[in-house]
Amino acid sequence: GASSVGTSDEESLRRRSLESEKLEKAQERARQFAEAKAMQLAENTGATSINTKKAKVVHFRVYYPCEHGASVLVCGSVDRLGNWDPEKAIPLTWTDSDVWAADIPIDEDLIDACEFKVMVKRSDG
């Protein structure tokens with residue numbers, strides 16, 4: 001009896017450890033994908049190009065439950081964030097639990113002075 005309980009507990013721990021490891025790997029792949037998408041976004045927007053060697057990826061995460069069809073954007077004081085022009089604001093992507101996210105490369109020389117605001121664009125504009 002006692003040895004089968006111990007084996008079951010060990011298997012359970014091993015299973016949880018594997019699940020945790022898989023989750024960590026998936027989160028890392030998602031982070032790498034998000035950074036690559038952010039770089040692609042940087043290349044495809046009209047924003048001034050940046051020296052990627054001097055860029056830091058800034059991780060925006062905003063908890064905001066909103067109505068279906070609405071979107072959350074970030075707009076700020078640097079080219080990469082639209083220079084306060086709402087038409088150039090960067091859309092965040094909805095993730096689980098109403099967290100909106102974007103990973104945006106910003107020139108490290110501008111990060112300390114960078115300011116931003118989070119905006120909500122309702123489905124009716």
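Residues numbered from 1 in each chain as written. Predicted model: local features only at pLDDT ≥ 70, side-chain atom pairs only at ≥ 80, totals over all residues. Heavy atoms only, no water.

S.K.: Provide a residue-level description of the packing of aromatic side chains, including the pertinent values.
M.R.: Here the structure, examined in full by the defined rule, presents 1 aromatic pair. Ring geometry for Phe-60 against Phe-116: centres 5.0 Å apart, planes inclined by 90 degrees, an arrangement best described as edge-to-face. Of the two residues, Phe-60 sits in strand S1 (residues 55-63) while Phe-116 sits in strand S6 (residues 116-121), which places them 56 residues apart along the sequence. (Phe/Tyr/Trp six-rings, centres within 6.5 Å; stacked < 30°, edge-to-face > 60°. Helix = DSSP H or I, 4+ residues; strand = E, 2+ residues; numbered from the N terminus.)

S.K.: I'd love a proper account of the sheet that holds strand S2 (residues 71-76), names of residues and values included.
M.R.: Pairing between sheet strands relies on hydrogen bonds along the backbone, with the strands arranged either parallel or antiparallel. Here we have 3 strands laid out as an open sheet, ordered S3-S2-S6, and antiparallel in their pairing. Each end of this open sheet is capped by a strand with a single partner; those strands are strand S3 (90-91) and S6. When S2 meets S6, the two strands line up antiparallel, connected through 6 bridges. Within S6, the position partnered with Cys-75 by the bridge is Lys-117. (Pairing = 2+ DSSP bridges.)

S.K.: Requested: an account of the nonpolar core, with residues and values cited.
M.R.: Counting residues in each nonpolar core, the largest one holds 13 residues, and the members touching the most others are Phe-60, Val-74, Leu-81, Leu-92, Ile-104 and Ile-106. Among the elements of the structure, S1, S2 and strand S5 (99-107) are those that each provide at least two residues to this core. Here this core gets 4 residues from one element, more than from any other, and that element is S5. (Core = buried A, V, L, I, M, F, W, Y, C linked by side-chain atoms within 4.5 Å. Buried < 20%, exposed > 50% of the residue type's maximum accessible area, 1.4 Å probe, protein only.)

S.K.: A description of the sheet that holds S5 should follow, citing residues and the corresponding values.
M.R.: Taken together, 3 strands build an open sheet; the order of strands is S1-S5-S4 and the sheet is antiparallel. Lying at the two open borders of the sheet, with one neighbouring strand each, are S1 and strand S4 (93-95). Pairs of neighbouring strands in the sheet enclose a mean axial angle of 30 degrees, with direction left out of account. Of the strand pairs in this sheet, S1 and S5 are connected by 9 bridges, and their pairing is antiparallel. Counterpart to Val-58 in the pairing with S5 is Ile-104. (Axes fitted to C-alpha atoms, helices over the stretch in contact; angles between N-to-C directions.)

S.K.: Break down the side chain of Arg-80 for me, citing the residues and quoting the values.
M.R.: By secondary structure assignment, the location of Arg-80 is in the loop between S2 and S3. No salt bridge is formed by the buried Arg-80; the nearest opposite charge belongs to Asp-79, separated by 8.2 Å. (Lys, Arg positive; Asp, Glu negative; His and termini not counted. Salt bridge = Lys/Arg side-chain N within 4 Å of Asp/Glu carboxyl O.)

S.K.: Let's hear about the pattern of salt bridges: which residues, and what values?
M.R.: Enumeration according to the criterion identifies 3 salt bridges in this entry. For Lys-54, the salt bridge goes to Asp-109, with nearest N and O atoms at 2.4 Å. Of this pair, Lys-54 sits in the loop between helix H1 (2-44) and S1 while Asp-109 sits in helix H2 (residues 108-111); the two residues are 55 residues apart in sequence, bridging distant segments of the chain. With its nearest N and O atoms 3.8 Å apart, the salt bridge here joins Glu-108 to Lys-56. A residue pair is termed long-range when its members are at least 10 positions apart, and Glu-108 in helix H2 and Lys-56 in strand S1 qualify at 52 residues.

S.K.: Explain unusual backbone geometry residue by residue, including any values.
M.R.: Even without glycine at this site, Trp-84 takes up a positive phi of about 65 degrees. Looking at where Trp-84 falls in the secondary structure, it is placed in the loop between S2 and S3. Notably, Ser-97 is not glycine yet its phi reads approximately 65 degrees, a positive angle. Among the structural elements, Ser-97 can be located in the loop between S4 and S5.

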